Structures are given as C-alpha cells and as structure tokens.
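Residue-level structural notes
Single-letter residue listing:
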Amino acid sequence: MQRKIVRVTAVLCVALFVYFIIRANPRELLRVLGHLAWAEIAALILLRLAFWGIRTWSWQMVLGCCSPCRVPFATLFWAEMAGHAVGHFTPSAKIGGDAIRAMMAGPVPKNHSLASVVVDKTVELMATVLMMSLGLFLTLMRIRMGSTQRAVFLALTAGMAAAIFVFFRKQKKGLFIWVLESLKRLRIRSKYLESKRARLVETDAVIAEFYSRHRRVFLVVFLQYVAMIMLWAVEMHLSFRFLGLHSITFMKSFLITMLGIVANIVPVIPASIGIYDMSYLPIFAIFRVPLRFGITVVLLRRALNLLMAVIGLWPMLRLRQRPPATPATGVPLAAPGETA
C-alpha cells in the first residue's frame, strides 16, 4: 500500500514538474546558467549535495537512537531527496515531504521512522530559528530598517520561536495523543487516527525517550544543522561571486540568507512560487544588492532546487520492496555515555 502511495505521488510530481518547467521559462534559466563556468556550476551542485548529506547524516543519528534497525546511509539519502521532491512539487510542502521520507526509511517499524522524522525536523527547526534570530539581531545592529520591515521580521521570528517551543514541549509529553485530544475537544473525530491510537502512543514514547536519554546526540545533531545552515550561506555567497558581484562580503551574504530562510518555511504554494521570489526583493533592497544580481541569484537557486527535486523523483519511481532491516545486535538503544 505504501509503495502505491509513493508511486502515485511520484507520477503526480512528474506532471507538476513539467508544468513548473513551462511556467519557469526555460530560456531564462538557461540564460542564467550561461553566466557560469562549468566548474562553478559543479561547485554549487557539490555544495547542494553536501547540504543534503548533512541532513541525511543527522537523520541517521536520530533514527539510530529511535530504532535498533540499521539503515544504510544511501537509503536515507534517497528518502531525503524523495521528500524534497514531494515538498517542492506539491502544496503539502514540508509536511508531505516528511511523510514520504518516513515511508521510505527502509523496513524500519513505522512508529520508529515517524518518531525519528518528528525529532529530526524539530531539531532542524530549532537550529533554523536560532540562526534566523542571530541574523535578525546582526541586521538590526548594522543596518537601518523601516519600522514595518522591522516589525514583520521580529514578529515572524518570535512567532516561529514560540511555535517551536510549544511543539518541543508537547513532544516530551506526548505529541500525537495531544493532537487526538485536541481534535476531540473541537468535536472532530477521526476513526482512522483512533484506530491507530496504540501505535501513536508507542511513537510518543519513542520521541520522549530520545529527549530524555540521548541529549548528547541531540546536541550533535543540532550543531550539524547549524553547520548546514552556514553551508547554505556559503552557497549564497559563492552564487553572488560567480555571477560577478565581487564587492559583496560574506557577512552580507549570511544576513541575506538568514532573513530569506522564512521563504522556505511558508508551506502553502508549490515550490514557494511567488513567495520565495517576492520575499527576497525587500531583503536585497535593505542590503543594497543590485536588483539584477538579486533576481539572477534567486533564479539560480531555484534551478538548483529544481535539479535536486528531479533527482528525488528517481528513487520514488524505482521503489522496491526491501528485506527487513538487521537489528543492531548487542547494542542497546541508549549507548553508554549518551545519557545525561
């Protein structure tokens, strides 16, 4: 059943891919790429693959604490790429992508894979909010900003921080059961979710156990996501430099990246069309980046996102039934020295 869901989703994404290619104006994308040497294009692609490699490594560490099953790095990498494809091509954005990668995490028990995805995404969002807050603080210290822009950035950052804090607290107490009880209070009943209550209770237990017994892993994964975000800023900086804006400093590229991350968090429109582009325009104006360079960088990064999404369609279309994963014999779920 899950393989059918993944296959149908992949076919839908292929159809949407064709639509977005037509809408994105292929000639304009080719014109942008024409500004770059092959070595520069290769460097940006390798940076983007390193970005996904760090995400996969972090998820593998979390999954190793949530399940005794060993899953190869390659399996999780392709699951990450498939999740990105779904998130890029469909309105479900981050939520749909995370559901797909939980399905494709090999033959791991589903409550374990779901728990690992929830924890992994939470740690990533916590690192993102921290870096966004740092970027906003440095921007307010260095650059004069209009009162409206200041209020918007502060409100978005504070709102995200509050939402992540509540989400984190609920996970430690039982996230999925809290959701079920909240739906009951709203007089919304789901027979399907109620039938899965026992499994959801088990998933909540796995999540709570991770936070209580694997704090060192939590810290390492958090720092890896901070490094991943810094890599995102490096890509932004090199994109500007490769396109000819040699006067830009790394600090400015870092601040532009941090303030622009919010465009990737709004899970409403497929590929963030419009939101992603428009949100960067006032940021370029704040940092006095010539508009022609700003628009070209946005198009370049959109092309890289599209390339990674197309790569992610491949494992979905070739998904096969996998044999059961081999449990890590002799290794307890909480390794010695990882408890706090």
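**Quick notes on the packing of helix α10 (residues 197-213) against helix α11 (residues 215-242)**
As a packed pair, α10 and α11 sit with axes 5 Å apart at the nearest point and diverge in direction by 90°. Taken together, α10 and α11 sit at an angle that is classed as roughly perpendicular. On α11, the residues that touch Phe-210, Tyr-211, Ser-212 and Arg-213 of α10 are Arg-215, Val-217 and Phe-218. Tallied by class, residues from the contact of α10 with α11 come to four nonpolar, one polar and two charged.

**Observations regarding the packing of helix α6 (residues 110-142) against α11**
Between α6 and α11, the least distance of the axes is 9 Å, while the angle of their chain directions is 55°. One way to sum up the angle between α6 and α11 is to call them oblique. With respect to the hand of their crossing, α6 and α11 are arranged in right-handed fashion. Listed contacts from α11 to Asp-120, Val-123, Glu-124, Met-126, Ala-127, Thr-128, Leu-130 and Met-131 of α6 are Phe-218, Val-221, Phe-222, Tyr-225, Val-226, Met-228, Ile-229 and Met-230. Per-class residue counts for the contact of α6 with α11 are 13 nonpolar, one polar and two charged.

**Points about unusual backbone geometry**
The backbone of Arg-288 sits at a positive phi, close to 55°, despite the residue not being glycine. With respect to the helices and strands, the residue Arg-288 is situated in the loop between α14 (275-286) and α15 (291-317).

**What about the pattern of salt bridges?**
One pass over the structure, following the stated rule, counts eight salt bridges. Note that Arg-48 is salt-bridged to Glu-235, the shortest N-O span being 2.5 Å. Taken together, the positions of Arg-48 in helix α3 (residues 38-66) and Glu-235 in helix α11 put the pair 187 residues apart, joining distant regions of the chain. Each member of the pair, Arg-48 together with Glu-235, is buried. Here Lys-121 makes a salt bridge to Glu-124, at a shortest N to O gap of 3.1 Å. Here Lys-121 and its partner Glu-124 are both found in helix α6, three residues apart, which amounts to about one turn of the helix. Neither residue differs from the other here; Lys-121 and Glu-124 are each classed as buried. Taken together, the salt bridges that share partners define one network made up of Glu-80, Asp-98, Arg-101 and Asp-120.

**Focus on the nonpolar core**
Counting residues in hydrophobic clusters, the biggest one holds 68 residues, and the most contacted among them are Phe-210, Phe-240, Ile-256, Phe-287 and Val-289. Ranked by the residues each element gives to this core, the list is headed by α11, at 13 residues. Excluding residues within four positions of it along the chain, Phe-287 makes contact with Thr-139, Ile-143, Lys-252, Leu-255, Ile-256 and Leu-259. Counting 17 residues, the second largest nonpolar core, distinct from the first, contains Leu-63, Val-86, Met-104 and Val-117.

**Things to note about α15**
Taking 1.5 Å per residue, 27 residues should reach 39 Å; α15 reaches 39 Å between its end C-alpha atoms and fits that length. Within α15, 19 of the 27 residues are buried, which leaves the element mostly enclosed by the surrounding structure.

**Some points on the confidence of the model for the protein**
Looking at the protein, pLDDT values average 78 and 75% of them are 70 or higher. In the model, residues 267-275 has pLDDT below 50 throughout and makes 20 contacts with residues more than four positions away in sequence or in other chains. Taken as a whole, residues 321-340 scores under 50 in pLDDT and shows 36 contacts with residues more than four places along the chain or in a different chain.

**Considerations on the side chain of Ser-182**
With respect to the secondary-structure elements, Ser-182 resides in helix α8 (residues 175-185). Looking at Ser-182, its side chain comes within polar contact range of the main-chain oxygen of Trp-178, at 2.8 Å.

**Some words on α10**
With 17 residues, α10 ought to run about 24 Å at 1.5 Å a step, and its terminal C-alpha atoms sit 24 Å apart, in line with that. By the burial criterion, the buried members of α10 are Leu-200, Thr-203, Asp-204, Val-206, Ile-207, Phe-210 and Tyr-211. Along the axis of α10, the buried positions cluster into a sector of 155°, meaning they face one direction only.

Rules used in this analysis
Residues numbered from 1 in each chain as written. Predicted model: local features only at pLDDT ≥ 70, side-chain atom pairs only at ≥ 80, totals over all residues. Heavy atoms only, no water. Axes fitted to C-alpha atoms, helices over the stretch in contact; angles between N-to-C directions. Helix = DSSP H or I, 4+ residues; strand = E, 2+ residues; numbered from the N terminus. Parallel < 35°, antiparallel > 145°, perpendicular 65-115°, else oblique. Contact = heavy atoms within 4.5 Å. Nonpolar A, V, L, I, M, F, W, Y, C, P; charged D, E, K, R; others polar. Left-handed = near helix turned anticlockwise from the far one by under 90°. Salt bridge = Lys/Arg side-chain N within 4 Å of Asp/Glu carboxyl O. Buried < 20%, exposed > 50% of the residue type's maximum accessible area, 1.4 Å probe, protein only. Core = buried A, V, L, I, M, F, W, Y, C linked by side-chain atoms within 4.5 Å. Expected span 1.5 Å × (residues − 1). pLDDT = per-residue confidence, 0-100. Polar contact = N/O pair within 3.5 Å; in protein donor to acceptor, adjacent residues only side chain to side chain. Arc of directions from axis to C-beta.

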